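Listed here are the chains, written in short residue letters.
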Amino acid sequence: MADSQTWTAAPSTAEWARSVLAAAWSCAVTAEGGREEFVGAHTVAEDGRVLLHVPEDSTLLAAAICAPRGEPSAVLEFADVAPVPVRNRIRARLWMAGWFVPEDGHLAFRPTRVVLRRASGAVVVDLDEFAAAAPDPLATAEARLLTHLADCHADAVERLTRLVDSDSLHGAVRVQPLAVDRHGLTLRIERARAHGDVRLAFHRPADDVSQLTERMHVLLTQASAATCPRALQRQRTDGDG
């Protein structure tokens, strides 16, 4: 194992939930009128309220106007999808139950319950913490950063496996960057019939892309100085994706 990182923090559940919300391009709304998918139709207020822009003749708008105030009238669902093709690309799902209030030509969604589900299980997010939390500063740039790393710097990704315990690489056929946030980079290690994730923590948080570049250079320098583990089997793409 290479030299351990001194910074091991990870985003809080509330921060992770706000990051999912900030990066999501679409949302599914389940209400009295059924389930509908909205693409590119929502924005997020600073306190985490979702502002949904719908047509004036939308059945959702009519249902929101008629719903009793304060009673949960809808559930919003957001998917956190890995931008790089890997197995099980859904990294997390965010559900928000609450009600819509018509405001200035759009619907403002006020949550009464927020649930974040990851591979480790579902967690109910405290509403005050959710409202106060800020999304990760890299959340909206993550897709671009990870696809660039996977498409243009595959050699760097393979070099970073030197920082991974050799036991975690046993049987590995492919390693891909799965996620990045201000605290670290997560790699997806795929085997013939299974996969696992390994997190490489930065030595200090990165608050913007320029700082992230420096943190990645530190990891790569550490990887270059580390003892190379058993050679990674050549990548196989059959059945992957």
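Look above for the structure.
Here the structure is a predicted model, which is why all the values come from computation and not from measurement.

1. A word on the packing of aromatic side chains
Across all of its chains, the model carries 1 aromatic pair by this definition. Positioned over the ring face of Phe130 is Arg18, at 5.5 Å from the centre of the ring.

2. Focus: the pairing of strand S6 (residues 90-103)
One ladder, built from 8 bridges, connects strand S5 (residues 74-81) with S6; its direction is antiparallel. By the bridge assignment, Asp80 is partnered in S6 with Ala92. Hairpin geometry of S6 and strand S7 (residues 106-118) is characterised by an intervening segment of 2 residues between the two adjacent antiparallel strands and by a positive phi of about 45° at Asp104.

3. Looking at the nonpolar core
Counting 31 residues, the largest nonpolar core has Leu160, Leu185, Leu187, Leu200, Leu212 and Met216 as its most contacted members. Among the elements of the structure, helix H4 (142-152), helix H5 (154-160), strand S9 (172-181), strand S10 (184-191), strand S11 (195-201) and helix H6 (209-225) are those that each provide at least two residues to this core. The leading source of residues in this core is H6, at 5 residues. Once residues lying within four places of it in the same chain are set aside, the contact partners of Leu160 are Leu185, Leu187, Leu200, Met216, Leu219, Leu220 and Ala223.

4. Re H6
The terminal C-alpha atoms of H6, which comprises 17 residues, lie 24 Å apart, in line with the 24 Å expected from a rise of 1.5 Å per residue. Every buried residue of H6 is listed here: Leu212, Arg215, Met216, Leu219, Leu220 and Ala223. Viewed end-on, H6 has its buried residues packed into an arc of 140°, placing them on one side of the element. Summarising the geometry of H6, the exposed residues directed more than 90 degrees from the buried face are Ser210, Thr221 and Ala225.

5. A word on the pattern of salt bridges
Going through the model one piece at a time under the given rule, you end up with 12 salt bridges. For Arg49, the salt bridge goes to Glu103, with nearest N and O atoms at 3.8 Å. Here Glu103 lies in strand S6 and Arg49 lies in the loop between strand S3 (42-44) and strand S4 (50-52), a separation of 54 residues in the sequence. With a shortest N-O distance of 2.4 Å, Glu214 and Arg215 are connected by a salt bridge. Judged by relative accessible area, Glu214 falls into the partly exposed class, the value being 33%. Connected through salt bridges with shared partners, the residues Asp47, Arg49, Glu103 and Arg110 form a single ionic network.

6. Quick look at the sheet that holds S11
One open sheet accounts for 3 strands, arranged S9-S10-S11; its pairing is antiparallel. Strands at the two margins of the open sheet, each flanked by one partner only, are S9 and S11. Strand-to-strand twist in this sheet, taken as the mean axis angle between neighbours without regard to direction, amounts to 25°. Two elements, S10 and S11, share 7 bridges in a ladder whose sense is antiparallel. In the strand pairing of S11, Arg188 is matched with Asp197.

Calculation rules
Residues numbered from 1 in each chain as written. Predicted model: local features only at pLDDT ≥ 70, side-chain atom pairs only at ≥ 80, totals over all residues. Heavy atoms only, no water. Phe/Tyr/Trp six-rings, centres within 6.5 Å; stacked < 30°, edge-to-face > 60°. Lys NZ or Arg CZ within 6 Å of the ring centre and 35° of its normal. Pairing = 2+ DSSP bridges. Helix = DSSP H or I, 4+ residues; strand = E, 2+ residues; numbered from the N terminus. Core = buried A, V, L, I, M, F, W, Y, C linked by side-chain atoms within 4.5 Å. Buried < 20%, exposed > 50% of the residue type's maximum accessible area, 1.4 Å probe, protein only. Contact = heavy atoms within 4.5 Å. Expected span 1.5 Å × (residues − 1). Arc of directions from axis to C-beta. Salt bridge = Lys/Arg side-chain N within 4 Å of Asp/Glu carboxyl O. Axes fitted to C-alpha atoms, helices over the stretch in contact; angles between N-to-C directions.

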